Every structure is written in C-alpha cells, then in structure tokens.
Amino acid sequence: MAVNDMTKLTLGPVAYHWSAETRRDFYARIADECPVDDVYLGEVICSKRAPFHEPDLPATIERLERAGKRVILSTLAEVMLKRERKATEDLAAMDAPEIEINNAAGLFARGRQPHRIGPFMNAYNEATIGWMAAQGATHVCLPSEMPASAIAVAARAARDLGLGVEVQVFGRISLAVSARCYHARAHGRTKDNCQFVCEEDSDGMPLRTRDDQPILRVNGIQTQSESYMDLLPETPRLVADGVSHLRLMPQAVDMVTVAQIFRDALDRRVSLPEADAHLAALTGDAGLSNGFYHGEAGYRRIAIVTSA
Amino acid sequence: MSLAELICPAGTPAALRTAVDAGADAVYCGFQDATNARNFPGLNFTPDELAASVAYAHERGTKVLLALNTYPPAGKVDLWYQAADIGARTGVDAFIVADMGVADYIARVHPQVRLHLSVQAAASSPEAIRYYCENFGVKRVVLPRILTIPEIRQIRTEIPCEIETFIFGNHGLMVEGRCSLTNFLTGQSTNMDGVCSPASDVEYVRDADGSMSSQLAGFTIDRFGPEEKAGYPTICKGRYTAPHRPEGYYAFEEPVSLNLSRLLPELIDAGVHAFKIEGRQRSKSYVRGVVRAFRAAVDDIRAGRQANMADLVALTEGQKQTQGAFETKKWR
C-alpha cells in the first residue's frame, strides 16, 4: 500500500555502553544490510561514556551516509555538569548532520536553527508541538507512554505543521532517568568512580522483584522496561493516524532482522501475525509489550484483532 | 541575603489555612484533576474552595501558588487552559508549570500572573532555565533535588530568575517529569495523570513465613520480615535483586526523607529565594508542625540569631533522613 511505502524506519541511538569495537561492527552491518532510513547516533545517557566512541563518529557517519542512510546526532537527556553543557552546546552549533535535542539546554543553544525533538523532550500535545515548530523543530519523537488516542491528535497537529512524527515501536522503553548512576550503586560505587561497570550489561542489568519476577532494567542513570516494546501489530493504525517514522531501539538481538521484519510487514510482503511471531521468536525471553499504546500498564501485552 | 520565603503545601482548604496561620509566606495547591502532580483521592481544591482560600491567604499577607505542573496529553489541553483561566480569575499569585504549551498559553493569555517553573520541567542547567525565562518570562525556577550547594551558588550567577529549592519532605530519586515507572506497572501516568504509586493499586500481602510483601498492581516492590515495619510500595524506593545483588537491595534509594534544615543558613547564603516543603498529601498537624519549625528557623537566621535546628531535626525523628545531593556529589 502506498501509504505504508512512505513510512520510514529509524534506528534510535544505542542506549548502552557498547564498546567502540562492538559499535563499529554493529554500524557496519547496519550500513550494509539494514533496511532503516534514518540512524540516530551519539551518547544520550551518560556523558562519561562519550570519549570511548566519539572518535569513531566521523567514520561511522560517513559509512552510513554512503549507504544512503540519513544520520542524526542525538544530544544528552540529562544536562547538568560542565562537560554535559559543553557537549550539548557543541552539537547544537553543528550545521550537519541533523541533530535531535533531548534537553531544554539544547533548545536554548540551538535557537531557531532547524532541529528534531527527541523522546526526552516531553512533546505530549499539540500546544507544545506548535510551540516547538515555531522555534525551528522539523520533526518530533513522541514520548513512549502516550496512548493511541493522544498519538493520533499529536501526529495530526505535527503533520499539519509539516513536521515528521516518530514513535518508538521496538525495544526497551526508557522509564526514568536520574542524576544517580544505578549501575555504579549496584556495585557499591558512585558515578564518579564507576569504572564503567555498565559495559558488562549490553542489554541492561536485570532487576527482579524479591519474589523473582523480572521487572526493570538498569542502564547507568537510566531505568528501562524489562520487556521490549512491540508495536508491530499496531503499525497500520500508527501509519493511518499520521505517524511518519517508526523507531527501533538497538537491543542486544539481531537488529538487522528486526528491521527486516518491520519493513516486510510495512510493505505487506509478510502478514502481521506472521511477522509478529517471527519477532517474538527472535527476541526470545525478553517478553514483548504494548500496554502504553492501549492506555494500559506499559508491561502488558494486549492482543489486537488484525484485519487480513 | 535572600528573602528566604517559605513555600508550604496545602492539600486541602483546611491544610491551607493551617499553613497560613503557622507562618507560610506562600502556599501551593492544585485542582481536583490531572492538571497537577498530586492528583490523589481526597486531595485538592474545587474552584470555589480555591477562591475562598485565596481570600483567606491574601487577607493575611500570604501568597497562593497554583500547580499546573503535569503534561497534558494531546486532545486534552483545554482542561489545563481552563484551570489557568480559573486561577487567573481567582487571583492566584503565580502558576507553577512544566509543559511548554501550557507555559506559552499563560504567557500569552495571562501575562499579568507570575510563572514559576516546576521541578517537573527538570531544568537542571543555566541554559535550560534561561530557555524558559527568555521564552515564557519565568520568574522563578524550582530546582531539581540533584544539585550540590556550590552548584546552586554557581547557577544563581548565570540565570535571570529566582531559585526555589526543596528543603523537607519526600525525596524523589528520578528526574521529575521524566518518570513513567508508575504508568509501566499501573496504567496511570505521573506526567499525564498526576499519579505516583497510587494507593488504589497497593496491597500488603502476608506470606506463609510471616513476612509481608508490599505490592503495587500485583508486583512485589518490597518484602519485610516479621520484625520489620512494612513500607509503602513506591517503585523507586523498593528492594530488588540483581545479578551481583542476589540478597535484594535498594536499587535506587532507601525510603528516606529529605531534611535540609542543617543546611538552611548555607542555602540562604547561596542565594536561594524560596524553600519548598513537600507534602500536599500530609495531615494538618504535620503541616502545622513543619511550617512552624521552619518559620522560627528562617526568622532566626534572617535576624542573625542562631537557629534552633534541634526542632527541625526532631520532625523526622525515628525516620531515616538524608541531605541527598545537596551536601555531596558522592550521592550520585
């Protein structure tokens, strides 16, 4: 269907502390094999990690762009320290590639130059999106906890203003950020002497309840959902409601195949139930959820009836 | 030296009068709906109650600040606009806001009313704060509880507005306005509905061995031995297990409350204009005790006298308390 063909798949910024080598291999595969249109790069969670992988950025950008991907650099979600303020200011001063802003400090530095609004900016409604568009926003990623009814109204408002509209459809959900590092805390350290212990958990550190139910994941200062968000069955409605970009968050699974599953479903090469079964098999124990979209608890998996 | 205003919680009209009588410089409150971040059953004000409360406060020289500090989901923005219109008509002294759309509306439609930036906006750098000051005319920022006193002192020199800090009460761990933990487990959102670990989803379950599980929406947030006092299941104050912590530990923070009374003189010296006491969900007697004690302490400090901090410390006696990030960045 023509409408679906227009829908773009994006790859969000890596939330975890993957080593420089892991990232190089990952993005090489993304460039060569992965059917995503836009790729977000840059450290969003912890400013201490940036020096490890930033030196590779120019080569990664070049490689991805050569493969026909649009590259966007994402700014930090939490900006407090001098180095975080400086990093945000430096990104905001760039002419190319595009940037996605995740903190009001970035909006301040960017002024009215064009920019994308990231998922940490709390663009929950048409009034805020209208304000942001007037300040130079060209694209907005909606908060992951928004229900379908609100997404539809926000997407229409954004489209009417000529903005791209993005919703996360795959991967662990960012549920909270903090000034404190919970990875360091789990190992009896503080943020300043963390020794980058978060590198041990390429898909986040699992937290279980005391009666042994999996519940949350810790990623440095970030708390994530245990389950992966999966809005694959909901993609027809998202597209019909005006969402133009669907975001896949990088997890420690085969992301090339994840993207291919979504692309095939969007292009109607594979039926939704078949595609979703494939995704469930690929992601194994992680568990899939879509509760937020249906206005329910986020961890829930709501079955929807798909029309053939 | 700053004026060191005392900003006190009012969950009900009776609590508001109590706070006014106990010496609050300003009280903050909200309507009985999703427009504020303490949308709890049995709390908050009808428009008529707000009008009567503003009259009561203004007769006694106390200001009233209206919290409109949640994020309207698309399609429901009018509820927030109407709340702002009622507040302006009622003569509140300031709105406490977080959402840019709501801030923009008030700046355009009610420019005569002061705007305060809620902690829910999570503005933790001079640049972020200046964004709200320059675009919406924000006159005061409520700082996130994550900064040390030297950091606050530094920020003070880089922003054009007043600073308000939390000084006493519940100690949130997550960046305010960026937390969906409650929605993840219960289906009710802190940002959109003003709900945090709601009582309606809480259950205490006695286990076979005599221990007690405190649960939220069926998830065990903590488990207490027969001798322990079972705590409220706030997600970020629970105990969990992790691969390196099989015994169960407070993954985020212990259930402590913030008490900065000992740091009061330093905070005043750092240029903090206003001190916020958390607790709109608290009883009248709690409000009376806390407000009176802080009133006396602030008056003593402003008069150059030694403040009696013992009373303030005693307020949380028997409870664990913390100075959080304010004292040392090792907290992070």
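All figures in this text were calculated on a predicted structure; none of them were measured in a lab.

### Quick word on the pairing of strand β1 (residues 8–11) of chain A
Residue and element names in this part refer to chain A.
- Bridging between β1 and strand β11 (residues 245–248) involves four bridges; their strand directions are parallel. Its bridge partner being in β11, Thr 10 is matched across the sheet by Arg 247.
- The pairing of β1 with strand β2 (residues 38–41) spans two bridges and is parallel. Each bridged residue has a counterpart across the sheet, and for Thr 10 the counterpart in β2 is Asp 38.
- Handedness of the crossover joining β1 and β2 through helix α2 (residues 20–33) is recorded here as right-handed.

### A look at the side chain of Arg 85 of chain A
- Relative to the helices and strands, Arg 85 of chain A resides in helix α5 (residues 82–92).
- With a relative accessible area of 15%, Arg 85 of chain A lands in the buried category.
- Residue contacts for Arg 85 of chain A: discarding those within four places in its chain leaves Val 79 and Met 80 of chain A together with Ser 125, Pro 126, Glu 127 and Glu 158 of chain B.

### A word on the packing of aromatic side chains
- Counted by the stated rule, this structure contains 19 aromatic pairs over all chains.
- An angle of 75° between the planes, with centres 6.2 Å apart, marks the rings of Tyr 299 of chain A and Phe 184 of chain B as edge-to-face. Taken together, the residues span two chains, with Tyr 299 of chain A in the segment after β12 (288–289) and Phe 184 of chain B in helix α7 (residues 181–186).
- Taken together through their ring pairs, the aromatic side chains of Tyr 16, Trp 18, Phe 26 and Tyr 27 of chain A make up a single cluster.
- The ring of Tyr 40 of chain A has Arg 247 of chain A lying over it, and the distance from NZ or CZ to the ring centre is 4.2 Å.
- Residue placement shows Arg 145 of chain B over the ring face of Phe 166 of chain B; its charged tip is 3.7 Å from the ring centre.

### Section: the pairing of strand β14 (residues 274–277) of chain B
All names here are of chain B.
- Side chains of β14 alternate between two faces, with Ala 274 and Lys 276 and Phe 275 and Ile 277 buried alike.
- Pairing between strand β1 (residues 5–9) and β14: three bridges, direction parallel. Counterpart to Glu 5 in the pairing with β14 is Ala 274.
- Bridging between strand β7 (residues 162–170) and β14 involves four bridges; their strand directions are parallel. Along β14, the bridge assignment pairs Thr 165 with Phe 275.

### A closer look at empty space enclosed by the protein
Residues and elements named next belong to chain A.
- For the structure on display, the rule yields seven cavities of 30 Å³ or more.
- Counted as a void, the largest cavity has a volume near 350 Å³.
- For the lining of the largest cavity, the secondary structure elements donating two or more residues are β7 (164–177) and β10 (222–230).
- Examining the composition of the lining of the largest cavity, we find that four residues originate from one element, β7, more than from any other.
- One number sums up the size of the second largest cavity: a volume of about 130 Å³.
- Forming the boundary of the second largest cavity are 13 residues, of which Arg 23, Tyr 27, His 53, Leu 57 and Thr 60 lie nearest the centre.
- If you list the elements that add at least two residues to the lining of the second largest cavity, you get α2, β2 and α4 (57–66).
- Tallying contributions element by element places α2 first for the lining of the second largest cavity, with four residues.

### Here's the deal with the interface of chain B and chain A
- With 67 residues of chain B in contact, the opposing surface of chain A contributes 63 residues.
- Both sides of the chain B and chain A interface together cover about 5700 Å² of buried area, and 58% of this is carbon and sulfur.
- On the chain B side of the contact with chain A, Arg 178, Phe 184 and Arg 332 of chain B bury the most area, a combined 14% of that side's loss.
- Remark: the boundary between chain B and chain A carries four salt bridges.
- Here Glu 127 of chain B ties to Arg 85 of chain A by a salt bridge, and the two come within 3.0 Å at their closest N and O atoms.
- At the boundary of chain B and chain A, one finds 31 residue pairs in polar contact (both at pLDDT 80 or more).
- Ranked by residue count, the leading element in the side of chain B that touches chain A is helix α5 (residues 126–136) of chain B, at nine residues.
- Within the side of chain B that touches chain A, the residues separate by chemical class into 32 nonpolar, 17 polar and 18 charged.

### Quick look at the pattern of salt bridges
- Applying the stated criterion across every chain, the model contains 45 salt bridges over all chains.
- Note that Asp 254 of chain A is salt-bridged to Arg 29 of chain A, the shortest N-O span being 3.3 Å. In this pair, Asp 254 of chain A is assigned in the loop between β11 and α11 (255–266) and Arg 29 of chain A in helix α2, connecting sequence segments 225 residues apart.
- Its salt-bridge partner being Asp 25 of chain B, residue Arg 295 of chain B comes within 3.0 Å of it at the nearest N-O pair. Remark: Asp 25 of chain B occurs in the loop between α1 (13–21) and β2 (26–29) and Arg 295 of chain B occurs in helix α10 (residues 284–302); sequence separation between them is 270 residues.
- Accessibility expressed as a relative area gives 14% for Arg 295 of chain B, which makes it buried.
- A residue is classified by how much of its surface remains accessible, and Asp 25 of chain B, at 22% relative accessible area, is partly exposed.
- The network of salt bridges with shared partners includes Glu 5, Arg 114, Arg 140, Glu 162, Glu 164 and Lys 276 of chain B.

Rules and cut-offs
- Residues numbered from 1 in each chain as written.
- Chains lettered and ligands numbered in written order.
- Predicted model: local features only at pLDDT ≥ 70, side-chain atom pairs only at ≥ 80, totals over all residues.
- Heavy atoms only, no water.
- Pairing = 2+ DSSP bridges.
- Helix = DSSP H or I, 4+ residues; strand = E, 2+ residues; numbered from the N terminus.
- Right-handed = clockwise from strand over helix to strand, strands pointing away.
- Buried < 20%, exposed > 50% of the residue type's maximum accessible area, 1.4 Å probe, protein only.
- Contact = heavy atoms within 4.5 Å.
- Phe/Tyr/Trp six-rings, centres within 6.5 Å; stacked < 30°, edge-to-face > 60°.
- Lys NZ or Arg CZ within 6 Å of the ring centre and 35° of its normal.
- 1 Å grid on protein atoms, 1.4 Å probe; cavity = no way out; pocket = protein on both sides within 12 Å on 5 of 7 lines; lining within 4 Å.
- Points joined across faces, edges and corners; volume = space filled by probe spheres on them.
- Buried area = accessible area lost by both parts, 1.4 Å probe.
- Salt bridge = Lys/Arg side-chain N within 4 Å of Asp/Glu carboxyl O.
- Polar contact = N/O pair within 3.5 Å; in protein donor to acceptor, adjacent residues only side chain to side chain.
- Nonpolar A, V, L, I, M, F, W, Y, C, P; charged D, E, K, R; others polar.

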